[in-house]
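Breakdown of the fold
Below, each chain spelled out in residue letters.
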Amino acid sequence: MNITISKPYAISERGRRQNNEDSVFPLPEQINDEQKLFLVCDGVGGAEKGEVASSLACESISTFFSTFSSESLTDEFIQKAIQYTEVCFDSYLREHPEATGMATTLALVYITSEGVWIAHIGDSRVYHLRGGNILYQTEDHSLVNSWVKLGKISSREALNHPQRHVITQAIQGSDSPMKADTVLLSDIQAGDYLFLCTDGMLEQLDNEKISAIFKQNSSCVAIKDAMMDSCVGKTRDNFSFYIIPIQKVQNGTSLRQNILSFLYSFI
C-alpha cells in the first residue's frame, strides 16, 4: 500500500494560559508531503516543566524513528521508542532535578506501506475521518473516562466534569514506565483525514462539532480555519492539532497482480 498525503496543517497555541506546554512534530514551518511521522504532545508540570516534557518527547521519538525505522513497523518498535524517550527523561531529570514531576501525553501517527499506525498515551487524541464521519478515535487515559467505563458518570457529564483534565497515564521516565495503546489502520482511502489534537481543542469541540467541521469544509485550509475560529479567544487551555489529508492510496498487491497477469498473457 502506497499512501500519499497532501500538505498537512499544524497549529499550536497557548490559549489563555501564560505559556504553551504543547508541542507538535514536525514544526509547522517544516511540514512537507513526504512526512511519515506526526506527533502531538501535551506537557504536564507547570511553567517550563511541561513545555520541556512535551518538546523532549517529540525530539526523542522523532530521533528514534529516524534512526531505526523502516517501511514495516510493529507495536514492539513503538514501545521501544517510548522506552528510549523515558531514558531521555531520566537523563534530563538527573541534570535538572527541579523538573521532577514533569510528564507529557502522546498522540502519534506513522504512515507505512501497511497502513497507518496510531499510538497514544494520555488524553491527546487521534481521529480517522471519512466524509466527516469518525471511523476511529483513541480512548482517553483519563480519570473521567475510567468513570464512564465503570458507569459512574455519563459521556455527556464527562465533557464538562471539573476533573476532566486529570490523566491516568503519561510519559514521565523509566521509574514510571508506560506502554502506549497502538493500532494499525489498514482501511485507508483517498479523501480520508487523520486528526491529532490535545485536550485543549476539546474545550470547544466535541465529536459532533469535529465531525461537522470536516463535513462542511472541503479543503484542509478551510478545516484548519474553522478549527481556529472555534478555539481562538475561547479556549482556556493550550490547544494544538495536526490535520493530515490522505490524497491517494495505491494498493501494491493489486499492482503486482496486474503486472503478473500482463506477463502471463504472453505465455
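All values reported here derive from a predicted model rather than from experimental measurement. (Residues numbered from 1 in each chain as written. Predicted model: local features only at pLDDT ≥ 70, side-chain atom pairs only at ≥ 80, totals over all residues. Heavy atoms only, no water.)

1. As for the environment of glutamate 51
Tracing the sequence through the fold places glutamate 51 in helix H1 (residues 49-68). By relative accessible area, which is 37% here, glutamate 51 ends up partly exposed. Separated by 29 residues in sequence, glutamate 51 and aspartate 22 place their C-alpha atoms 6.4 Å apart. (Helix = DSSP H or I, 4+ residues; strand = E, 2+ residues; numbered from the N terminus. Buried < 20%, exposed > 50% of the residue type's maximum accessible area, 1.4 Å probe, protein only.)

2. Comments concerning the pattern of salt bridges
A side chain with one charge can pair with a side chain of the opposite charge if their charged atoms come near. According to the stated counting rule, one finds 6 salt bridges in the structure shown. For the salt bridge of lysine 80 with glutamate 76, the shortest nitrogen-to-oxygen distance reads 3.5 Å. On the criterion of helical spacing, the pair formed by lysine 80 and glutamate 76 is a turn pair, its members being 4 residues apart in helix H2 (residues 75-95). Ionic pairing is found between aspartate 225 and lysine 224, a salt bridge with its closest N-O pair at 3.1 Å. Classification of aspartate 225 as partly exposed rests on a relative accessible area of 34%. Judged by relative accessible area, which is 19%, lysine 224 ranks as buried. Among the charged side chains, a salt-bridge network with shared partners connects Arg130, Asp187 and Asp192. (Salt bridge = Lys/Arg side-chain N within 4 Å of Asp/Glu carboxyl O.)

3. Section: helix H5 (residues 207-216)
Listing the buried residues of H5 in full gives Ile210, Ser211, Ile213 and Phe214. Along H5, the residues classed as buried sweep out an arc of 160 degrees about the axis, all on the same side. Away from its buried face, by an angle of more than 90 degrees, H5 presents the exposed residues Glu208, Lys215 and Gln216. Looking at the buried side of H5, the elements it contacts are strand E8 (125-130), strand E9 (133-137), strand E11 (193-197), helix H6 (220-231) and strand E12 (239-250). (Arc of directions from axis to C-beta. Contact = heavy atoms within 4.5 Å.)

4. Considering the packing of H5 against H6
Packed helices, taken two at a time, are described by the angle between their axes plus the distance between the axes. Packing of H5 against H6 brings their axes to within 9 Å, and their N-to-C directions diverge by 145 degrees. Once H5 is placed against H6, the crossing between them reads as right-handed. Contacts between H5 and H6 involve Ile210, Ile213 and Phe214 on the former and, on the latter, Ile223, Ala226, Met227 and Ser230. Its residues assigned to classes, the contact of H5 with H6 shows 6 nonpolar, 1 polar and no charged. (Axes fitted to C-alpha atoms, helices over the stretch in contact; angles between N-to-C directions. Left-handed = near helix turned anticlockwise from the far one by under 90°. Nonpolar A, V, L, I, M, F, W, Y, C, P; charged D, E, K, R; others polar.)

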